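One-letter residues, chain by chain:
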Amino acid sequence: MLSLRRLVVLLVFASSSAMALDGKIPLDQLHHDIWTGKDGAPAQVSSMAQTADGWLWIGSVDGFYRFDGMRFRRFEALNGETAPKRPVTALTALRDGDLLIGYLFGGLSRLHGGHIMHYPALVGNAPIGPVTSATTDERGQLWVATTSALLQLRGGAWRDVGPELGLPAGEVSNVVADQYGQVWVAVGHALYVMPAGAQRFRQVQRQDVHTVNLIESPDGRLWQDLHDRLIPVPGQHRGPLMPRPAWLAQSQGQENGLFDRDGNFWSLACPVGVCRTAGVGAMPGRQMAPNAGPRDRLDQPWQLSSLTGNILFEDRDGSIWIGTQAGVERFRHNRLAPVALAGGGRTFKLARDHFGQVLALSLPSGRVWRLRADGAQAIDEGFPPGNVGAIGNARDGALLLARPNGLEVRYPNRSERIAYPSNPADPAGPVDVSRVFDDGDGLWVRIARRGHFRFAGGKWTSEVDLGLPPGSFVGEAGARSGTLWLGYDNGAIVYFDHGKVTRYPQSLENDIGPITHLHVLGDEVVAGGAGGLAVLRGGAFQRLAAADADVLAGVSGTVVGANGDRWLNGSKGVVYVKAADWQAAAGAPGVPLKYILYGVLDGYPGFADTSTRRPSALGGVDGQLWFVGATGMARLDTTTSYPAPHAPSVVVETLVARGERHLDFSKPVRLAPGTTSFRIEFTALSYSMPEMVRFRYRLEGVDADWQDSGNRRAVSYTNVGPGDYRFRIAAVNELGQWNARDTSIDVTILPTFAQTPLFYGLCALAAAGALYLLYRLWLRQATLRIAARMAERERIARTLHDTFLQSVQGLVLGFQTAMSALPEDSSTRARLERMLLLADRVIEEGRDEVQDLRSSAMSDGDLERGLTIVGEVLQESHQSVFSLRSEGAAVDLTEDASCEAYSIGREALMNAFRHAGAKSIQVTLGYGAGQFVLQVADDGKGIPAEILADGKRAGHWGLPGMMERAARIGATLTIDSPLIGTRVRLAVPAALAYVGQSRWKRWLRRLRRRG
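Residues numbered from 1 in each chain as written. Predicted model: local features only at pLDDT ≥ 70, side-chain atom pairs only at ≥ 80, totals over all residues. Heavy atoms only, no water.

## Quick look at the overall build of the protein
Worth spelling out the cut-off: Helix numbers and strand numbers start at the N terminus; a helix is a DSSP run of H or I with at least 4 residues, a strand a run of E with at least 2. Buried means the residue's accessible area, taken with a 1.4 Å probe over protein chains only, is under 20% of the maximum for its type, while exposed means over 50%, and partly exposed covers the values in between. Per-residue and other accessible areas were derived by the Shrake-Rupley procedure at a 1.4 Å probe size, with only the shown protein chains allowed to occlude residues.
When you go through the protein residue by residue, the secondary structure sums to 11 helices and 71 strands. Projected onto the principal axes, the alpha-carbon positions of the protein cover approximately 165 × 105 × 45 Å. Here the protein, with 1011 residues, has 50% of them falling under the buried criterion. Carbon together with sulfur atoms contributes 53% to the accessible area of the protein, which is approximately 46400 Å² in total.

Right under this line is the structure:
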C-alpha cells in the first residue's frame, strides 16, 4: 500500500505450503539477488503483487511491469486495447485472479485474462485523486481509497461513499478486505470497520497517530503499522482467528513492514536499509517496537541496490522481495550454507572424531576445526602452519593424524605413534605427508617426492615393492580387509588384494578420464573421473549417463544416507540422487541418472576440490553434510527440509511473424498467406531459481518428437508451409518438478492462392489439357504420316500390278509363243522352259509382295474389305475361286480384335491358296450377339493329321502364330480337316470383339483366358 509520504516522493521524482525464510539464518547468508536498470528493472518501484496464475507484477513511476524471474517486461495490451503508461501507485491481486492497478494521477484499471479495462477517470465532474489502495469485498463490490475520498463503483460511475457510510471527510490511507468478510478503512487518525453484512462503517479506535499501513500477521490478527511501532487492532469478528489466507498475503506489497508466513517481521527505513526481527507475529497482542530491539539488518550501500526501500512483498514460495528506488531485490534460501572459518584456508581435509563429528584440517593455517551446525570450534592438534599434514580415519574408526614427526592412530581411550619410513638419501630431511588412509590390514601414507608406503606387520613397504604402478592415485578401502581400490591420473583403476594386483583399463566408450574419486559400498564400486562417473558391472567399469554430463564430472566425494540416498560432490556442485534413481541408473548404465543439483545458485563454493586426492564430502552424526569446494566449504542440513516451491507455470508470451507481434492465444493465431517463418517467446513462472528452469517444446506437424530447449526461452521456425499447427511447451524446475500440464497454442498459416487445392486442381487440369492437345497434335501428325505411307504403298503396289507384273507376264507369254516354234528336242527350247519356270516363280513372288503392300487396306479397320483384297490378289495367281460373305448386321470391331482377326484370316487364305489345291475358298464373317466368328473354308486336300496334332511343321510357323494371335485377344481358334478340305474358325467373345463393350469385362475375360 502507498501512503501520502510515498506519493510525495513519487511526485518529486515525476495459503501456501511453502515456509518463510529461516529466521535463524542471517540476512547476509541468504541468497540475495539484485536487479537494477542495467538488468531492465524499473526504478522507483512503488507496488508489487502476485496473481493466481503466478505472475509477479511491479508498479513504478515508470509504469506497469511483469517479471518472470529473468526478464522485466512492460505490460503490452492486446490488439484494440490501451496499455497504461502512467506512474503506478497501487497493485492488488484479487481472489478471482484479476489485478487492480491504481495510478498516481488518478484512475483505476482492471486486468482480466490478459485483457485490460479502464474505469472512469472522474468522480462526477472532478478527476479521481491519487489512488493509495483498492480491493473488492466478498460480494465483489469494488472499493478504492484515494488521497481525498473513499470511492465505490455504482452503475458504471464512481461515487464518494464516505459520508453516507459513516466516514469523516479526509484522506483514506488504507482500505483492506480480510478473510472474515470485513472491510477496514483508515481515515486520518481513526480506524473504521464494516462487518460482514453491515451497511455502514463503525469506528474501532482512535489514537493520536496516523496509520501508515494495515497488515495481518500469519495467525489472522490485524495490526496498525506506524513506522516506529506496531499496534494490535482488537478483533471485530465472531469466532476464532482464521490464519491469513494465501490470496491475502500475495494480494499486495506492504509499504513499511511485513509479517512473513513464519511471523518474522521485515521492515524498511530502520532507519535505512532492511531489517528483520524474528518471531514478532507469535508475540502477545500488545504494542511493540520491533526495530528498537535486536534485529538482523542490511544497511550498507554495498549490501543493497539502494538504502531507500519502498515496498516489501512475500511471494507464494516464501521469498521476500523489496522494491527500491534503484530496482528490485529478492531474498531466498540457499540450500547450502557457507562455512566460515577464521584464518581462511586454501585446502581442507576431512575426518571424523570418535564422537562421529566431522573434523576439518585447514591448510596452510594448520588449524583443525570441529564442524557443527551452530558454528565451527577450533581444536589444537599440533599441526604447524604450512601445506604439510593429513587426517583420515582407519577402518575401525580410529582417527589418523599425519603430523610431521609421525603418524598418530588415536582411539577414544588410547593412541599410538608410528614412525615414518626412513629415507636413506636424506635421513634427517623433512617428511611431508599429504594423505593417509587404511585398508583394514595396513595403513597407507603418501610422502612428497617419495611416493606411497604401506605399513603392515610392523614394517613399511613401498609401492614399487608392492607391485603397484608408479604415480599419484586416489585410494579407497575395499569391501574386505586388506583390499584397496586405486585410481590413477591416466585413467587406470587397480585393485590391490593382499599383494595381488588387478588392473581395470578403461574402454574408449566408457572413458571417464583421470580418476578423481573412488567409493566402495558393499559389492558396489563407483569411480569418479574428470569426465564422468562409472560403476563396476560385469568385471568392467561402465559410464553412467545424465541429462547434463558435466554434472557427473570431477566428482571427488560421496555421502550415502541410511536410506540409500546419496550426495555427490562434483564439478557443478552437490548432486543429490534418490536411492531408487541410483539403483535404476547403476543397474542399467544407459538409463539417464535422475538427480537434483545444488550449485552456485544454492551457495555452493565454486566446484568440488580434487587437489587433496581424498574424499571431499563427509557426513556427521548430527545429520549435517560437509562439502569441500575450490573456494571454501559448504554445509547441507539434512534434518531440515524446506517445502518444494510451486511447479513452474508455463506461459507463451509472444509470437512474431513478418514483423507482427501476436499476444492473444485464447484462439488460434492466424498468420498471413505466404508466411514461412515465425518466432515464439515463452517463459516459466518459477521464482526460486528461474536460471535453472529447463524447457522442452514441440510443434505438432513439424517436430516428430519433443525438442530440448535448455534454458532458452524462445524458438524460431523456418520453411513452414500452410496448415494448422499446435505448439506445446513444458518446463521443469531445479527440483525436477514439471508443470502440471503442457501449455499449447494453435497456429494456422493461411495459404496463398498458389498453395490452395483449387490452384493445384487448375494446374492439373491445365496440364491434362496441354497433354491432350499434344496428344491430338501427335495423333494428327501420325495419322497423316501413316496415311501418306499407306497411299505410297498402294501406289507402288498398283504400279507393280498394273505395269511391271503385267509387262513381265506379257514377256513370258511372248517367250512361250516363241518357244512353241522350236523343236521339242531342241536344247534351246529346254533352256527357255527352265527360264520360264523361273519367271513364273518371280511373278508369283511379286504378286505376294504386292499383296503385302496392299494390306494397308486394313488401315481403316474394315476387316471385310481387307480380306477381300487379299483373296482377290491371291486368286489372280492361283486356280482357286475366292468368295466372302457376312452373316448378321455388321458391328465395329475393336482395334485389337480387328487387327488380329485380319492377320489370322490372311494367314489362313494364303495357306489355302498355296497348299490346299482347292477349287473354291470361302470366307465367312459372323456378327453374332454372343460372339464374332471368322471362318476360312476350302475344298482342297486338307491338312495331314500329324500337322494338326503337332500344330507345326519344320521351317513353318503359320499355325502357331495364328494360335498366339487368337490367345492375345482372348479368342478361340479351331483348325480341322473334315472329309473334304480344311476349316479354320476364329471365335471372339462379343465383350472382347465389339466396340462399346465394358473394358473391365474385356479385361476379365482376357484374364480368364490367360489363366
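## Regarding the state of the cysteines
One covalent bond between the sulfur atoms of two cysteine residues makes up a disulfide. What counts here: Pairs of cysteine sulfur atoms within 2.5 Å are what we label disulfides.
Applying the stated rule across the entire model yields 1 disulfide. Note on cysteine connectivity: Cys270 is disulfide-linked to Cys275, with sulfurs 2.0 Å apart. Looking along the S-S bond of the Cys270-Cys275 disulfide, the torsion reads about 90 degrees, which is the right-handed sense.

## Remarks on the confidence of the model for the protein
Applicable threshold: A residue's pLDDT is the predictor's confidence in that residue, given on a scale from 0 to 100. Only heavy atoms matter for contacts: two residues are in contact if any of them lie within 4.5 Å across the pair.
With 92% of its residues at a pLDDT of at least 70, the protein reaches an overall mean of 87. Counting contacts from residues 1-16, a segment whose pLDDT is below 50, to residues more than four positions away or on other chains yields 55 contacts.

## Observations regarding the pairing of strand S47 (residues 515-521)
Both faces of the sheet carry side chains from a regular strand, because those side chains alternate between them. Under the convention used in this document: Between any two strands, pairing holds if DSSP finds at least two bridges.
Of all 7 residues in S47, 6 are buried; the element is thus mostly enclosed. The loop that links S47 with its antiparallel partner strand S48 (residues 524-529) comprises 2 residues; one of these, Gly522, has a positive phi angle of about 65 degrees.

## Side note on helix H3 (residues 579-587)
Spacing of three or four residues puts side chains on the same side of an α-helix, whose turn is 3.6 residues. For clarity, the cut-off: Within this analysis, the arc is defined by the directions that extend from the helix axis to the C-beta atoms.
Buried residues of H3: Ala579, Trp582, Ala585 and Ala586, and no others. Here the buried residues of H3 occupy an arc of 135 degrees about the axis, which is enough to place them on one side. Exposed side of H3, more than 90 degrees from the buried face: Ala580 and Gln583 are the residues found there.

## Brief notes about the packing of aromatic side chains
For clarity, the threshold we go by: Two aromatic rings from Phe, Tyr or Trp, using only the six-membered ring of Trp, form a pair when their centres are within 6.5 Å; if the ring planes differ by under 30 degrees the pair is stacked, by over 60 it is edge-to-face, and anything between is tilted. Cation placement over rings: the criterion is NZ of Lys or CZ of Arg within 6 Å of the ring centroid and within 35° of the ring normal.
Scanning the entire structure with this criterion turns up 35 aromatic pairs. Geometrically, the ring pair formed by Phe67 and Trp321 is edge-to-face, given 6.0 Å between the ring centres and 85 degrees between the ring planes. Taken together, the residues Phe67 in strand S4 (residues 63-67) and Trp321 in strand S28 (residues 320-324) connect sequence positions 254 residues apart. The residues Phe67 and Trp321 share a single accessibility class, namely buried. Considering the side-chain rings of Tyr697 and Tyr717, the 6.4 Å spacing of their centres and the 90 degrees angle between planes classify their relative orientation as edge-to-face. Linking Tyr697 in strand S62 (residues 694-700) with Tyr717 in strand S64 (residues 714-717), this pair joins segments that are 20 residues apart in sequence. Tyr717 sits in the buried class, given a relative accessible area of 7%. What links up through ring pairs into an aromatic cluster is the set Phe678, Phe682, Phe695, Tyr697, Tyr717 and Phe727. When the ring centre of Trp247 is taken as origin, the NZ or CZ atom of Arg95, which lies over that ring, is 4.3 Å away. When the ring centre of Phe383 is taken as origin, the NZ or CZ atom of Arg403, which lies over that ring, is 5.6 Å away.

## Notes on the side chain of Arg566
With respect to the helices, strands and loops of the structure, Arg566 is situated in strand S52 (residues 566-570). In contact with Arg566, not counting residues within four places along its chain, are His519, Leu521, Glu524, Val526, Val559, Val560, Val575, Tyr576, Val577 and Trp582.

## Structural notes on the nonpolar core
For clarity, the threshold we go by: Among buried residues, those of type Ala, Val, Leu, Ile, Met, Phe, Trp, Tyr and Cys that are joined through side-chain atoms within 4.5 Å constitute a nonpolar core.
Grouped together as the largest cluster of nonpolar side chains are 39 residues, with contacts concentrated most on Leu909, Phe932 and Leu986. Going through the elements one at a time, helix H6 (863-876), helix H7 (895-916), strand S68 (920-927), strand S69 (931-938), helix H9 (958-968), strand S70 (972-976), strand S71 (982-989) and helix H10 (990-993) are the ones with two or more residues in this core. Residue contributions to this core peak at 10 residues, all from H7. When residues no more than four places from it in sequence are discounted, the contact partners of Leu986 are Ala901, Ile904, Phe932, Val933, Leu934, Ala966, Ala971, Thr972 and Leu973.

## Considering H6
Let me state the cut-off plainly: Helix span is expected to be 1.5 Å times the residue number reduced by one. Polar contacts, as used here, are pairs of N or O atoms within 3.5 Å; protein pairs need one atom able to donate a hydrogen and one able to accept it. Residues neighboring in sequence count only if both atoms are side-chain atoms.
Between its first and last C-alpha, H6 extends 20 Å over 14 residues, near the 20 Å set by a 1.5 Å rise per residue. For H6, the complete set of buried residues consists of Leu863, Gly866, Leu867, Ile869, Val870, Gly871, Val873 and Leu874. Where H6 starts, the residue carrying a side-chain oxygen 3.3 Å from the main-chain nitrogen of Glu864 turns out to be Asp862.

## Some thoughts on the pairing of strand S38 (residues 415-418)
As paired elements, strand S37 (residues 406-410) and S38 share 4 bridges and run antiparallel to each other. The partner of Glu408 across the bridge, within S38, is Arg417. Linking S37 back to S38 in an antiparallel pair, the connection comprises 4 residues.

## So, the packing of H6 against H7
Selection rule: Axis angles are defined between N-to-C directions and span 0 to 180 degrees, where every axis is a line fitted to C-alpha atoms and, for a helix, only to the segment in contact. Any angle between 65 and 115 degrees counts as roughly perpendicular, while under 35 counts as roughly parallel, over 145 as roughly antiparallel, and the rest as oblique. By convention, the crossing between two helices is left-handed when the near helix turns anticlockwise from the far helix through less than a right angle, and right-handed when the turn is clockwise.
The contact between H6 and H7 brings their axes to 10 Å, and the two run at 20 degrees. With respect to each other, H6 and H7 are oriented roughly parallel. As for the relative orientation of H6 and H7, their crossing is right-handed in sense. Contacts between H6 and H7 involve Leu863, Gly866, Leu867, Val870, Gly871, Leu874 and Gln875 on the former and, on the latter, Ser898, Ala901, Tyr902, Gly905, Arg906, Leu909, Met910 and Phe913.

## Digging into the pattern of salt bridges
What counts here: Throughout this description, the term salt bridge denotes a Lys or Arg side-chain nitrogen within 4 Å of a carboxyl oxygen of Asp or Glu.
Counted under the stated rule, the structure contains 44 salt bridges. Residue Arg330 pairs with Asp33 through a salt bridge whose shortest N-O separation is 2.3 Å. Residue Arg330 is found in strand S29 (residues 327-332), and its partner Asp33 is found in strand S1 (residues 31-36); the two are separated by 297 residues along the sequence. Judged by relative accessible area, which is 0%, Arg330 ranks as buried. When the shortest N-O distance is used, the salt bridge between Asp228 and Arg229 registers 3.3 Å. For Arg229, a relative accessible area of 24% corresponds to the partly exposed category. Several salt bridges converge on common partners, so that one network encompasses Arg66, Asp68, Arg71, Arg73, Glu653, Arg679, Glu681 and Arg713.

## Quick word on the layout of surface pockets
Operational definition: With a 1 Å grid laid over protein atoms only, a set of points is called a cavity when a 1.4 Å probe fits there but cannot get out and a pocket when it is open yet has protein on both sides within 12 Å along at least five of seven lines; lining residues have an atom within 4 Å of a point. Grid points are joined across faces, edges and corners, and a volume is the space filled by probe spheres set on the points. For this classification, the nonpolar set comprises Ala, Val, Leu, Ile, Met, Phe, Trp, Tyr, Cys and Pro, the charged set comprises Asp, Glu, Lys and Arg, and every other residue, Gly included, is treated as polar.
Put simply, the second largest pocket is a space of about 1100 Å³. The wall of the second largest pocket is formed by 38 residues, among which Asp53, Trp55, Arg66, Val651 and Val652 lie closest to the centre. Within the residue set of the lining of the second largest pocket, elements represented by two or more residues are strand S5 (72-74), strand S8 (108-112), strand S58 (649-657) and strand S66 (743-749). It is S58 that contributes the most residues to the lining of the second largest pocket, 6 residues altogether. Of the residues in the lining of the second largest pocket, the class split is 16 nonpolar, 11 polar and 11 charged.

## Here's the deal with the sheet that holds S1
The strand order across the open sheet formed by 4 strands is S1-S29-S28-S27, and the pairing between neighbours is antiparallel. Each edge of the open sheet carries a strand with a single partner, namely S1 and strand S27 (309-314). Averaged over all adjacent pairs, the angle separating strand axes in this sheet is 15 degrees, with direction ignored. The pairing of S1 with S29 spans 6 bridges and is antiparallel. The partner of Thr36 across the bridge, within S29, is Gly327.

## Examining the sheet that holds strand S7 (residues 99-103)
With antiparallel pairing, the 4 strands of this open sheet are ordered in space as S6-S7-S8-S9. Strand pairing shows two members of the sheet lacking a second neighbour, strand S6 (88-93) and strand S9 (115-118), which therefore form its edges. Each neighbouring strand pair of the sheet contributes to a mean axis angle of 20 degrees, computed without reference to strand direction. In the sheet, S6 pairs with S7 via 5 bridges, with the strands oriented antiparallel.

## Examining empty space enclosed by the protein
Roughly 200 Å³ of volume is contained in the largest cavity. Surrounding the largest cavity, 16 residues form its lining, Glu216, Arg244, Leu248, Ala249 and Gln254 being those nearest its centre. Where the lining of the largest cavity is concerned, the elements lending two or more residues are strand S20 (213-216), helix H2 (246-249), strand S23 (257-259) and S27. It is S20 that provides the largest number of residues to the lining of the largest cavity, a total of 3 residues. Residues of the lining of the largest cavity, tallied by class, amount to 10 nonpolar, 3 polar and 3 charged.

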